[in-house]
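Breakdown of the fold
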Amino acid sequence: MDRTALHQRLKKLLIDRCGVKEELIRPEANLQLDLHLDSLDAVQLAVAVEDEFDVTIQDEDLVKLV
């Protein structure tokens, strides 16, 4: 999967699952400061990413999401 496709899939998750406005989403955006996600949103995003990409995100890695 190329970076553009990955970016589009992540963007869709942020919009659909976390209610982030599309214009705020950019590769360098900070989840808390720029996208205004709280800890519950981060967990929902992690679950969505796990489902979408068939991966597992460890709890210790979840707290590192920025």
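Owing to the predicted nature of the structure, the values given are computational and were not obtained by experimental measurement.

All right, on to the nonpolar core then. Formed by 13 residues in total, the largest nonpolar core has its most connected members in L13, L14, V20, L31, L35, L37 and L45. For this core, the secondary structure elements donating two or more residues are α1 (3-18) and α2 (39-53). It is α2 that contributes the most residues to this core, four residues altogether. Residues in contact with L37, not counting those within four places in the same chain, are L14, C18, V20, L31, Q32 and L45.

The next point concerns unusual backbone geometry. Among all residues save glycine, negative phi is the norm, and among peptide bonds the norm is trans. The residue H36 is not glycine, and still its phi comes out positive at about 60 degrees. Here H36 shows up in the loop between α1 and α2. Given the relative accessible area of 57%, H36 is considered exposed. Of note in the backbone geometry, D54 takes a positive phi value of approximately 55 degrees without being a glycine.

Compared with an ideal rise of 1.5 Å per residue, which puts 16 residues at 22 Å, α1 spans 21 Å between its outermost C-alpha atoms and is within 8% of the ideal. Considered for burial, the residues of α1 that qualify are K11, L13, L14 and C18. Here the buried residues of α1 occupy an arc of 160 degrees about the axis, which is enough to place them on one side. The exposed residues of α1 that point more than 90 degrees off its buried face are T4, K12 and D16. Taken together, the buried residues of α1 touch α2. Among the residues of α1, the N-terminal cap falls to D2, whose side-chain oxygen and the backbone nitrogen of T4 are separated by 3.2 Å. Looking one or two residues past α1, G19 carries a phi angle of roughly 70 degrees, positive in sign.

With that out of the way, let us pick up the side chain of D41. Structurally, D41 can be placed in helix α2. Leaving out residues up to four positions away in the same chain, D41 has contacts with C18 and H36.

Cut-offs and rules
- Each chain carries its own residue numbering, running from 1 in the written order of its sequence.
- Predicted model: local features are reported for residues with pLDDT of at least 70 only, side-chain atom pairs are reported and counted for 80 or more only, and whole-chain, interface and lining totals are derived from all residues.
- Derived side-chain values reflect all non-hydrogen atoms in the structure, with water molecules and hydrogen atoms excluded from consideration.
- Here, the term nonpolar core denotes a set of buried Ala, Val, Leu, Ile, Met, Phe, Trp, Tyr and Cys residues that are joined through side-chain atoms within 4.5 Å.
- A 1.4 Å probe rolled over the protein chains alone gives each residue an accessible area, and that area as a share of the maximum for its type sets the label: buried under 20%, exposed over 50%, partly exposed in between.
- Every helix listed is a DSSP run of H or I at least four residues long, and every strand listed is a run of E at least two residues long, numbered separately from the N terminus.
- In what follows, a contact means two residues having at least one pair of non-hydrogen atoms within 4.5 Å.
- Working rule for helices: expected span equals 1.5 Å times residues minus one.
- When we speak of the arc, we mean the arc of directions from the helix axis to the C-beta atoms.
- Throughout this description, a polar contact denotes any pair of N or O atoms lying within 3.5 Å of each other; where both atoms belong to protein, one of them has to be capable of donating a hydrogen while the other can accept it, and for residues adjacent in sequence the pair is counted only when both atoms sit in side chains.

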